[in-house]
Amino acid sequence: MAKVLVVTSGKGGVGKTTSTAAIGAALAQAGQRVVVIDFDVGLRNLDLVMGAERRVVFDLINVVQGIAKLPQALIRDKRLDNLWLLPASQTKDKDALTEEGVGRIIKELRTNCDWILCDSPAGIERGAMLAMRHADEAIIVTNPEVSSVRDSDRIIGMLDSKTARAEKGERVEKHVLITRYDAARAARGEMITIEDILEILATPLLGIIPESQDVLRASNVGSPVTLNNPASAPARAYLDATKRLLGETVPMLVPSGRKGLMNLLLGRRAA
Amino acid sequence: MSMLRLFSSRRATAPVPSPATAPIARERLQILLAHERGMRGQPDLLMRLREEILAVVSRHVVLDPDKVIVRMERGKHVSTLEVDIELPSGSENAFVPPGDDRRQPGDLRAVPAK
């Protein structure tokens, strides 16, 4: 039975789509059968980040409306044959996304794969609500910056009250993923610290992704950073985060400053 | 390029560094979020209050649902609930006689024209 994992944040531009692609690919590399779904109707981008933009024929809304069958709309990744993408619609009205339709798709996918990653749109409107609706687990992508932390707190409140699990009295397992972490700025006291973020959000840490050119390079060529340059610092951080999702205990490395790879042990276990 | 980088890194570790702002960020967030978490779910409460007050008052007075405003303000020691209901002019006609069930809450048929 598959696990449904929503990648969400409230705030835009923090790295939801990058993280969905990187973790989706890393899970597939670990042998899991993975489907990534883009919920950002009207502003789809997961197809572009994963390099599948020219292969989109049908989309999420086509499936919801019954115009296409689910297997017709799923795009199989060219690099990993156990990774599929269900793209969002670029043109349709986002009201065409119904709760019932999304529920049907998730139910059908659950029997066929191990992980369903839902890439949430920014905001707290309908699209974001539907992306988290059926989640078993959630990754809250947060930048070390006040507005992002505030929005993450709001999203955590919604995960605890508006999801199908919450309504049944069950809990959604939540993880904070800190992205765009700049060690040099942190060292100068210009960036809210990881300890402070975790204390404020009271949610366990899944990983710390350093700010890096490699992330931009990977999206430029349409390849998840974990596939494009697995040895790069952000890719290793995503690969470690993925291992934690799979239940492994991996020491948390805090990206350090200009000195390079003098990583510190944070002594804090994830999830 | 490398020269520039040399300069910028010099400047970053200049003898008088700007004070760390991260602790201020933390403090502001903690105060703000404590407040926002308390407010969470309140819009729903106000909406329910508004609907129920509207239903009760409409049993006796014909009124415009848009002219019923319910506001809550949270103070440090006292919180207030403010209900502002505007009655239509010529309100003697607006009172629903007892036993008259022709007019339902929110029904504006009997509101006299200005």
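Everything that follows concerns the structure shown earlier in this document.
These figures come from a predicted structure and were not determined experimentally.

## Topic: the overall build of chain B
Then step 1. A tally of regular secondary structure across chain B gives four helices and two strands.
Then step 2. Ordering the α and β elements of chain B from the N terminus gives α-α-α-β-β-α.
Then step 3. Look at the contacts in chain B between residues 6 or more apart in sequence, and 48% of them connect residues 24 or more apart.

## Description of the overall build of chain A
Then step 1. In terms of regular secondary structure, chain A is built from 13 helices and ten strands.
Then step 2. The C-alpha atoms of chain A give 18 Å as radius of gyration, which agrees with the globular expectation for 271 residues (18 Å, within 12%).
Then step 3. Along the longest, intermediate and shortest principal axes, the C-alpha atoms of chain A span 55 × 40 × 30 Å.
Then step 4. Buried positions account for 55% of the 271 residues belonging to chain A.
Then step 5. For chain A, long-range pairs separated by at least 24 residues make up 73% of all intrachain contacts whose partners lie at least 6 apart in sequence.

## Topic: the pattern of salt bridges
Residues and elements named next belong to chain A.
Then step 1. Across all of its chains, the model carries 19 salt bridges over all chains by this definition.
Then step 2. For Lys 3, the salt bridge goes to Glu 137, with nearest N and O atoms at 3.1 Å. Placement of the pair is Lys 3 in strand E1 (residues 3-8) and Glu 137 in strand E6 (residues 137-142), with a sequence separation of 134 residues.
Then step 3. Lys 3 sits in the partly exposed class, given a relative accessible area of 35%.
Then step 4. Judged by its relative accessible area of 3%, Glu 137 falls in the buried class.
Then step 5. A salt bridge links Asp 160 to Lys 174, with the shortest nitrogen-to-oxygen separation between them at 2.9 Å. With Asp 160 in the loop between helix H7 (146-159) and helix H8 (164-167) and Lys 174 in strand E7 (residues 173-181), this pair connects stretches of sequence that are 14 residues apart.

## Focus: the state of the cysteines
Then step 1. A complete count under the given rule lists zero disulfides over all chains for this structure.
Then step 2. Sulfur of Cys 118 of chain A: no disulfide; nearest cysteine sulfur belongs to Cys 113 of chain A and is 10 Å away.

## Digging into empty space enclosed by the protein
All names here are of chain A.
Then step 1. A full pass over the atoms with the stated rule returns two cavities of 30 Å³ or more.
Then step 2. Forming the walls of the largest cavity are Met 50, Ala 52, Arg 55, Ile 75, Arg 76, Asp 77, Leu 83, Trp 84 and Leu 85.
Then step 3. Of all the elements in the fold, those that place two or more residues in the lining of the largest cavity are strand E3 (75-76) and strand E4 (83-86).
Then step 4. It is E4 that contributes the most residues to the lining of the largest cavity, three residues altogether.
Then step 5. Classifying every residue of the lining of the largest cavity by side-chain character gives six nonpolar, no polar and three charged.
Then step 6. Lining the second largest cavity are Thr 18, Ala 21, Val 49, Val 215, Ala 218, Ser 219, Ser 223, Pro 224 and Val 225.
Then step 7. Within the residue set of the lining of the second largest cavity, elements represented by two or more residues are helix H1 (16-29) and helix H11 (213-220).
Then step 8. Sort the elements by how many residues they give to the lining of the second largest cavity and H11 lands first, with three residues.
Then step 9. In the lining of the second largest cavity, the residues fall into six nonpolar, three polar and no charged.

## Structural notes on the sheet that holds E6 of chain A
All names here are of chain A.
Then step 1. Pairing within the open sheet is mixed, and its eight strands lie in the order E3-E4-E2-E5-E1-E6-E7-E8. Taken across any chain shown, the strands that pair with only one partner, and hence form the sheet edges, are E3 and strand E8 (205-210).
Then step 2. Relative to E4, strand E2 (residues 34-38) is paired through four bridges, and the arrangement is parallel. When the sheet's bridge partners are listed, Ile 37 is paired in E4 with Leu 86.
Then step 3. This element, H1, spans E1, E2, E4, strand E5 (115-119), E6 and E7 of the sheet and lies at about 170° to E5.
Then step 4. Its contacts with the sheet place helix H5 (residues 99-110) against E1, E2, E4 and E5, and it is angled at close to 150° to E5.

## Some points on the nonpolar core
All names here are of chain A.
Then step 1. If you look at the biggest cluster of nonpolar residues, it comprises 55 residues, and the most contacted ones within it are Ile 37, Phe 39, Leu 86, Leu 97, Leu 109 and Ile 116.
Then step 2. With residues near it in sequence (within four places) discarded, Leu 109 still touches Val 35, Ile 37, Leu 70, Leu 74 and Ile 116.
Then step 3. Counting residues in each nonpolar core, the second largest holds 34 residues, with Val 49, Val 141, Ile 209 and Leu 245 among its members.

## Things to note about the packing of H7 of chain A against helix H10 (residues 194-201) of chain A
Residues and elements named next belong to chain A.
Then step 1. Remark: H7 packs on H10, axes separated minimally by 10 Å, with the N-to-C direction vectors making an angle of 30°. It follows from the interaxial angle that H7 and H10 lie roughly parallel. As for how H7 packs across H10, the hand of that crossing is right-handed. For the pair H7 and H10, the contacting residues are Val 149, Ser 152, Asp 153 and Ile 156 in the first and Ile 197, Ile 200 and Leu 201 in the second.
Then step 2. Class assignment of the residues belonging to the contact of H7 with H10 gives a composition of five nonpolar, one polar and one charged.

## Considerations on the interface of chain B and chain A
Then step 1. The interface is formed by 14 residues belonging to chain B together with 15 residues belonging to chain A.
Then step 2. Contact between chain B and chain A buries roughly 1400 Å² in total, counting both sides, with carbon and sulfur atoms accounting for 54%.
Then step 3. Counting the surface chain B buries against chain A, the share from its top three residues, Arg 26, Leu 29 and Arg 40 of chain B, is 34%.
Then step 4. Taken together, the links from chain B to chain A amount to three salt bridges.

Here is what the cut-offs are and how they apply
- Residues numbered from 1 in each chain as written.
- Chains lettered and ligands numbered in written order.
- Predicted model: local features only at pLDDT ≥ 70, side-chain atom pairs only at ≥ 80, totals over all residues.
- Heavy atoms only, no water.
- Helix = DSSP H or I, 4+ residues; strand = E, 2+ residues; numbered from the N terminus.
- Contact = heavy atoms within 4.5 Å.
- Rg over C-alpha atoms; globule rule 2.2 N^0.38 Å.
- Buried < 20%, exposed > 50% of the residue type's maximum accessible area, 1.4 Å probe, protein only.
- Salt bridge = Lys/Arg side-chain N within 4 Å of Asp/Glu carboxyl O.
- Disulfide = S-S within 2.5 Å.
- 1 Å grid on protein atoms, 1.4 Å probe; cavity = no way out; pocket = protein on both sides within 12 Å on 5 of 7 lines; lining within 4 Å.
- Points joined across faces, edges and corners; volume = space filled by probe spheres on them.
- Nonpolar A, V, L, I, M, F, W, Y, C, P; charged D, E, K, R; others polar.
- Pairing = 2+ DSSP bridges.
- Axes fitted to C-alpha atoms, helices over the stretch in contact; angles between N-to-C directions.
- Core = buried A, V, L, I, M, F, W, Y, C linked by side-chain atoms within 4.5 Å.
- Parallel < 35°, antiparallel > 145°, perpendicular 65-115°, else oblique.
- Left-handed = near helix turned anticlockwise from the far one by under 90°.
- Buried area = accessible area lost by both parts, 1.4 Å probe.

Functional significance is not addressed by these values, which are geometric in nature.
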